[in-house]
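Working through the structure, step by step
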Amino acid sequence: MRRAIFPGSFDPITLGHYDIIKRGVKLFDEIVVAIGVNADKKYMFSLEERKQFIEASFKDEHKVKVVTYEGLTVDFCKEIDAQFILRGLRNPADFEFEKAIAHTNRKLSKIETVFLLTAAKTSFISSSIVRDVIRNHGDYRKLVPQSVVVE
């Protein structure tokens, strides 16, 4: 089984994340969306809310699992027998940042990182932008899956 982990904080999941996951299910037998826990980080949404957003977005996709984890991503990959890390790239800055992490992960383990370019229509979206729009009472509905929209 070709299992890929798609790690992130997903605070919240965006349409960019959603696009990468939807395209990833065509490449892998299973995508494990892994929400990393970082005690030093201040989140807008609780861990449970973030997990629920993703689960609701993919409730009809049997190839997507949602879990939480702590520690190094490569250690978690070994724990769940994931052979790949899936990452989305929006721009050249993302590539440089993700390339360094991918090289480090390859040095620490045999995990391969697979990069997918985000769709042009979602390449400008980031969770930090979404949080800023929400904090300032803007219309964030065009930036996130329906499961994130709180009416």
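Residues numbered from 1 in each chain as written. Predicted model: local features only at pLDDT ≥ 70, side-chain atom pairs only at ≥ 80, totals over all residues. Heavy atoms only, no water.

Moving on, we come to unusual backbone geometry. Cis rather than trans, the peptide bond between Asp11 and Pro12 has omega equal to -5 degrees. With respect to the helices and strands, Pro12 occurs in the loop between β1 (3–8) and α1 (15–24). With phi around 50 degrees, Phe10 is a residue other than glycine that occupies positive phi space. Tracing the chain through its elements places Phe10 in the loop between β1 and α1. With phi around 60 degrees, His137 is a residue other than glycine that occupies positive phi space. (Helix = DSSP H or I, 4+ residues; strand = E, 2+ residues; numbered from the N terminus.)

Summarizing the sequence annotation, UniProt attributes the feature "domain: Cytidyltransferase-like" (unreviewed entry) to residues 5–132 in the numbering used throughout. The span residues 5–132 is 41% helical and 23% strand by assignment, and the distance between its end C-alpha atoms comes to 27 Å. (UniProt positions renumbered as here; feature names shortened; annotations may be inferred.)

With that out of the way, let us pick up the packing of aromatic side chains. As enumerated under the stated definition, the model contains 6 aromatic pairs in all. Between Tyr69 and Phe76, the ring centres sit 4.8 Å apart and the planes meet at 20 degrees, which makes this aromatic pair stacked. The same class applies to Tyr69 and to Phe76, which are both buried. Lying across the ring of Tyr43, Arg50 places its NZ or CZ 3.8 Å from the centre. (Phe/Tyr/Trp six-rings, centres within 6.5 Å; stacked < 30°, edge-to-face > 60°. Buried < 20%, exposed > 50% of the residue type's maximum accessible area, 1.4 Å probe, protein only. Lys NZ or Arg CZ within 6 Å of the ring centre and 35° of its normal.)

Let us now look at the side chain of Arg50. Positionally, Arg50 belongs in helix α2 (residues 47–57). Nearest to the buried, unbridged Arg50 among oppositely charged side chains is Asp11, at 4.2 Å. (Lys, Arg positive; Asp, Glu negative; His and termini not counted. Salt bridge = Lys/Arg side-chain N within 4 Å of Asp/Glu carboxyl O.)

A word on the pattern of salt bridges. Summed over all chains, the structure comprises 9 salt bridges. The partner of Arg131 in a salt bridge is Asp11, with the nearest N and O atoms 3.9 Å apart. Taken as a pair, Arg131 in helix α5 (residues 127–135) and Asp11 in the loop between β1 and α1 lie far apart in primary sequence, 120 residues in all. In terms of burial, Arg131 and Asp11 fall into one category: buried. Close ionic contact of Glu96 with Lys99 constitutes a salt bridge, the shortest N to O distance being 3.4 Å. Here the residue Glu96 and the residue Lys99 both occupy positions in helix α4 (residues 92–108), the gap between them amounting to 3 residues, near one helical turn.

Turning to helix α3 (residues 73–80), its buried residues are Thr73, Val74, Phe76 and Cys77. Looking down the long axis of α3, one finds its buried residues gathered within 160 degrees of arc, a one-sided arrangement. The exposed set on the far side of α3, more than 90 degrees from its buried face, consists of Lys78 and Glu79. Contact partners of the buried residues in α3: β1, β2 (30–36), β3 (64–69), β4 (84–89) and α4. (Arc of directions from axis to C-beta. Contact = heavy atoms within 4.5 Å.)

Strand order in the open sheet formed by 5 strands is β3-β2-β1-β4-β5, and the pairing between neighbours is parallel. Looking along the sheet, the strands with just one partner apiece sit at the ends: β3 and β5 (112–117). Put simply, the sheet's adjacent strands are angled 30 degrees from each other on average, direction ignored. With 6 bridges joining them, β1 and β2 adopt parallel strand pairing. Paired with Ala4 across the bridge in β2 is Ile31. Most of the contacts of α4 go to β4, to which it runs at about 170 degrees, and overall it touches β4 and β5. (Pairing = 2+ DSSP bridges. Axes fitted to C-alpha atoms, helices over the stretch in contact; angles between N-to-C directions.)

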